[in-house]
Amino acid sequence: AMPGHGDWVPAKYSYGAFSEDGYYYTTNYGILYYLDLANGGNACLCTKPGCSHDSEECDTFLSASGDGCPMFFWDGGLYYVNEEASGVQLYRRNADGSGAEHVMQLCRSYTEDKKTIMVDNYQVADGIFYYCATISAVVKDDAGALREKREATVINRADLRAKREETVAKGTDT
């Protein structure tokens, strides 16, 4: 059974984001919650009547990953990274969880068939989103078994105002 609205806890490996007044995080179901630091209130930000907050139908569904998604609070909005079939996407929501909007695709130059891109280790400074991404591919090993092989690790810089990104550093795995 799923816990009630006030009993949710962050996903086991959840990412979170602090704002001036609170902390945003996702549950194992990928639903956005907010912890008010002043009064300790903990609530789902969904406003859809009758919503069970346990599926993609929830207004504050962010990611199907049970591990949550990288997120940060900047310039009055909550930004989050979602790894989708179309590539790694950056979205923004209002502080109250409403108004999801697509900001930009990340790692665009690495998006191709059979590539996995994992964004981790990130920081925001003056409207610039710095992040590390690991690019992997599914390959067959000598025994014919499929496995994931890391091809490269990049550090990218995405300008949130101009919606442009560039690679700052790249390391290639052999």
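You'll find the structure just up there.
Residues numbered from 1 in each chain as written. Predicted model: local features only at pLDDT ≥ 70, side-chain atom pairs only at ≥ 80, totals over all residues. Heavy atoms only, no water.

Colleague: Where do I start with the sheet that holds strand β7 (residues 87–94) in this structure?
Modeller: Backbone hydrogen bonds are what pair the strands of a sheet, in a parallel or an antiparallel way. One open sheet accounts for 4 strands, arranged β5-β6-β7-β8; its pairing is antiparallel. The two strands at the open ends of the sheet, each matched to only one other strand, are β5 (71–74) and β8 (101–106). The mean inter-strand angle of the sheet, taken between neighbouring strand axes irrespective of direction, is 25°. Of the strand pairs in this sheet, strand β6 (residues 77–84) and β7 are connected by 8 bridges, and their pairing is antiparallel. What sits directly across from E83, in β7, is V88. (Pairing = 2+ DSSP bridges. Helix = DSSP H or I, 4+ residues; strand = E, 2+ residues; numbered from the N terminus. Axes fitted to C-alpha atoms, helices over the stretch in contact; angles between N-to-C directions.)

Colleague: What exactly am I supposed to notice about unusual backbone geometry here?
Modeller: Glycine aside, a negative phi is what most residues show, and trans is what most peptide bonds show. Not every positive phi belongs to a glycine, and H53 is a case in point at roughly 55°. Counting through the fold element by element, H53 comes out in the loop between β4 (42–44) and β5. For H53, a relative accessible area of 6% puts it in the buried group. (Buried < 20%, exposed > 50% of the residue type's maximum accessible area, 1.4 Å probe, protein only.)

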